[in-house]
Amino acid sequence: MNVLFKTLGFVFAILFAIGAVLQYNDPDSLHWIIVYGIAALVSLLFALKKVKFVVPLVLGVFAFIGFVYLYPSDFQGFDLNDGDIKTVELGREAFGLLIISVVLLVFAFRVKRTL
């Protein structure tokens, strides 16, 4: 694995860990702390070359399914002034899952390529 992907693994591990910590004030905080914590752990394991192809692949697919499920039909943006707070919150959560999905799927295919 080249230095770029190893660095990306560490960077996303840190970013997802920060995301997990910032969820403490969310009404369903435990759920999101676990989601971002798992993404951080898988990113760290990717950077350390300790993850198998199937782990980020399956978690990335589940995160994408979560994105599709949570995406509000009347998405109004990310700012609270853009619309209904419930719709804005669902949009934020959905796009968080999309970011996790893209990152983990890239990691999965990078692991597969190096096998």
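Nothing here was measured: the structure is a model prediction, and the numbers come from that model.

Q: Honestly, the packing of helix 3 (residues 54–70) against helix 4 (residues 85–114) in this entry has me stumped. Any pointers?
A: Between two packed helices, the angle of one axis relative to the other and the distance separating the axes together describe the packing. Look at helix 3 against helix 4: their axes get within 7 Å of each other, and the N-to-C directions meet at 155°. When the axes of helix 3 and helix 4 are compared, the pair comes out roughly antiparallel. Classified by chirality, the crossing of helix 4 by helix 3 is left-handed. Of the residues in helix 4, those in contact with Pro 56, Leu 57, Leu 59, Gly 60, Val 61, Ala 63, Phe 64, Gly 66, Phe 67 and Leu 70 of helix 3 are Leu 90, Glu 93, Ala 94, Phe 95, Leu 97, Leu 98, Ile 100, Ser 101, Leu 104, Leu 105, Ala 108 and Phe 109. Of the residues assigned to the contact of helix 3 with helix 4, the class counts are 18 nonpolar, three polar and one charged.

Q: So what exactly am I meant to see when it comes to the nonpolar core here?
A: If you look at soluble globular proteins, the nonpolar side chains tend to sit buried side by side. One finds Phe 16, Tyr 36, Phe 46, Leu 97 and Ile 100 to be the most contacted residues of the largest nonpolar core, which totals 22 residues. Counting residues per element, the ones that place at least two in this core are helix 1 (3–21), helix 2 (29–47), helix 3 and helix 4.

Q: Explanation requested: a nonpolar patch on the surface in the structure shown.
A: Side chains of Val 54, Val 55, Val 58, Val 61, Phe 62 and Ile 65 sit close together on the surface and give an oily, nonpolar patch of about 500 Å² of accessible area. Residue position: Ile 65 is located in helix 3.

Q: Can you help me understand the packing of aromatic side chains in this one?
A: Describing an aromatic ring pair means giving the distance of the ring centres and the angle of the ring planes. Summed over the entire model, instances satisfying the criterion amount to 10 aromatic pairs. Centre to centre, the rings of Phe 64 and Phe 67 are 5.8 Å apart; their planes meet at 40°, and the pair counts as tilted. Note that Phe 64 and Phe 67 are positioned in helix 3 at a spacing of three residues, about one turn of the helix. Using a relative accessible area of 40% as the deciding quantity, one classes Phe 64 as partly exposed. Ring geometry for Phe 67 against Phe 95: centres 5.5 Å apart, planes inclined by 70°, an arrangement best described as edge-to-face. Within this pair, whereas Phe 67 is found in helix 3, its partner Phe 95 is found in helix 4, the two being separated by 28 residues in sequence. Here Phe 67 falls in the buried class, since its relative accessible area comes to 12%.

Q: Explain the packing of helix 1 against helix 4 to me, please; I cannot follow it from the model alone.
A: Where helix 1 contacts helix 4, the two axes come as close as 12 Å, and the packing angle between them is 150°. Our classification of the angle between helix 1 and helix 4 gives roughly antiparallel. Read as a crossing pair, helix 1 and helix 4 show a hand that is left-handed. Residues Phe 5, Leu 8, Gly 9, Phe 12 and Phe 16 of helix 1 touch helix 4, and the partners they reach there are Ile 99, Ile 100, Val 103, Val 106, Phe 107 and Arg 110.

Q: Whenever I open this one, the side chain of Thr 87 confuses me. Can you help?
A: By secondary structure assignment, the location of Thr 87 is in helix 4. Excluding its chain neighbours within four sequence positions, the residues that come into contact with Thr 87 are Pro 72, Asp 74, Phe 75 and Gln 76.

Q: Would you take a moment to explain the side chain of Asp 26 for this structure?
A: Tracing the backbone shows Asp 26 in the loop between helix 1 and helix 2. Although Asp 26 lies buried, it forms no salt bridge, and the closest oppositely charged side chain, Arg 92, sits 7.4 Å away as judged by the N-O distance.

Thresholds applied
Residues numbered from 1 in each chain as written. Predicted model: local features only at pLDDT ≥ 70, side-chain atom pairs only at ≥ 80, totals over all residues. Heavy atoms only, no water. Axes fitted to C-alpha atoms, helices over the stretch in contact; angles between N-to-C directions. Helix = DSSP H or I, 4+ residues; strand = E, 2+ residues; numbered from the N terminus. Parallel < 35°, antiparallel > 145°, perpendicular 65-115°, else oblique. Left-handed = near helix turned anticlockwise from the far one by under 90°. Contact = heavy atoms within 4.5 Å. Nonpolar A, V, L, I, M, F, W, Y, C, P; charged D, E, K, R; others polar. Core = buried A, V, L, I, M, F, W, Y, C linked by side-chain atoms within 4.5 Å. Buried < 20%, exposed > 50% of the residue type's maximum accessible area, 1.4 Å probe, protein only. Patch = residues over 30% accessible without salt bridge, like charges linked within 9 Å, V, L, I, M, F, W, Y side chains within 5 Å. Areas by Shrake-Rupley, 256 points an atom, 1.4 Å probe, with all protein chains shown as cover. Salt bridge = Lys/Arg side-chain N within 4 Å of Asp/Glu carboxyl O. Phe/Tyr/Trp six-rings, centres within 6.5 Å; stacked < 30°, edge-to-face > 60°. Lys, Arg positive; Asp, Glu negative; His and termini not counted.

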